[in-house]
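So you can see what is in the structure, the chains are spelled out below.
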Amino acid sequence: METGTVKKWQHDSGWGFIEGDDGNDYFFNIANVRKGQKIRIGITVKFDPFEGQRGSEAENVSIV
């Protein structure tokens, strides 16, 4: 698992970007967030990175 900070979150659309501690940006969708987690800009999260159709993406996103 990687850690990072939510740098963009579009609540109405259900997508955003995480800036990983490794310096890379990861796209994520509300479907990739564990249930019960309230995502906000600036919070620290942990996630599993993978290469998707849009490039680097995050799944299993949860608040640290």
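Just so we're clear, the structure is a prediction, and the values are computed from it rather than from any experiment. (Residues numbered from 1 in each chain as written. Predicted model: local features only at pLDDT ≥ 70, side-chain atom pairs only at ≥ 80, totals over all residues. Heavy atoms only, no water.)

Novice: Is there a simple way to think about the overall build of the chain in this case?
Specialist: Each helix and strand in the chain was counted, giving zero helices and five strands. Listing each helix as α and each strand as β along the chain from the N terminus yields β-β-β-β-β. Over its C-alpha trace the chain gives a radius of gyration of 10 Å, about what one expects of a compact globule, namely 11 Å for 64 residues. C-alpha atoms of the chain, sized along the principal axes, occupy 25 × 25 × 20 Å. Put simply, the chain has 64 residues, and 31% of those count as buried. Here the chain holds 8 positive side-chain charges and 10 negative ones, and the gap between their average locations is 10 Å. (Helix = DSSP H or I, 4+ residues; strand = E, 2+ residues; numbered from the N terminus. Rg over C-alpha atoms; globule rule 2.2 N^0.38 Å. Buried < 20%, exposed > 50% of the residue type's maximum accessible area, 1.4 Å probe, protein only. Lys, Arg positive; Asp, Glu negative; His and termini not counted. Charge placed at Lys NZ, Arg CZ, Asp CG, Glu CD.)

Novice: Help me out: how do you make sense of the environment of K7 in this one?
Specialist: The residue K7 is located in strand β1 (residues 2-10) in this model. Of the residues examined, K7 reaches a relative accessible area of 42% and is grouped as partly exposed. K7 sits 10 residues away from F17 along the chain, and the two C-alpha atoms are 5.8 Å apart. In this view, K7 contacts F17, I18, E19, D25 and I41; residues no more than four positions away in its chain are not counted. Only 2.8 Å separates the side chain of K7 from the side chain of D25, close enough to count as a polar contact. (Contact = heavy atoms within 4.5 Å. Polar contact = N/O pair within 3.5 Å; in protein donor to acceptor, adjacent residues only side chain to side chain.)

Novice: Before we go on, may I ask you to explain the pattern of salt bridges in this structure?
Specialist: In a structure, side chains of opposite charge can pair up when their charged atoms sit close to one another. Evaluation of the coordinates by the stated rule reveals one salt bridge. Its salt-bridge partner being K7, residue D25 comes within 2.8 Å of it at the nearest N-O pair. Highlighted residues: D25 in strand β3 (residues 25-29) and K7 in strand β1, separated in sequence by 18 residues. (Salt bridge = Lys/Arg side-chain N within 4 Å of Asp/Glu carboxyl O.)

Novice: What is the right way to read a negative patch on the surface from this model?
Specialist: Taken together, the side chains of E2, E19, D21 and D22 define an acidic patch exposed on the protein surface. Checked against the element boundaries, E2 lands in strand β1. (Patch = residues over 30% accessible without salt bridge, like charges linked within 9 Å, V, L, I, M, F, W, Y side chains within 5 Å. Areas by Shrake-Rupley, 256 points an atom, 1.4 Å probe, with all protein chains shown as cover.)

Novice: Help me out: how do you make sense of the nonpolar core in this one?
Specialist: Buried together is how nonpolar side chains tend to be arranged in soluble globular proteins. Formed by V6, W9, I18, Y26, F28, V33, I39, I43, V45, F47, A58 and V61, the largest nonpolar core amounts to 12 residues. Listing elements by their share of this core, those giving two or more residues are β1, β3, β4 (44-52) and β5 (55-63). (Core = buried A, V, L, I, M, F, W, Y, C linked by side-chain atoms within 4.5 Å.)

Novice: Can you walk me through unusual backbone geometry in this structure?
Specialist: The phi torsion of most residues other than glycine is negative, and most of the peptide bonds are trans. In this model, N60 sits at a positive phi of 55 degrees, which is unusual for a non-glycine residue. Tracing the chain through its elements places N60 in strand β5.

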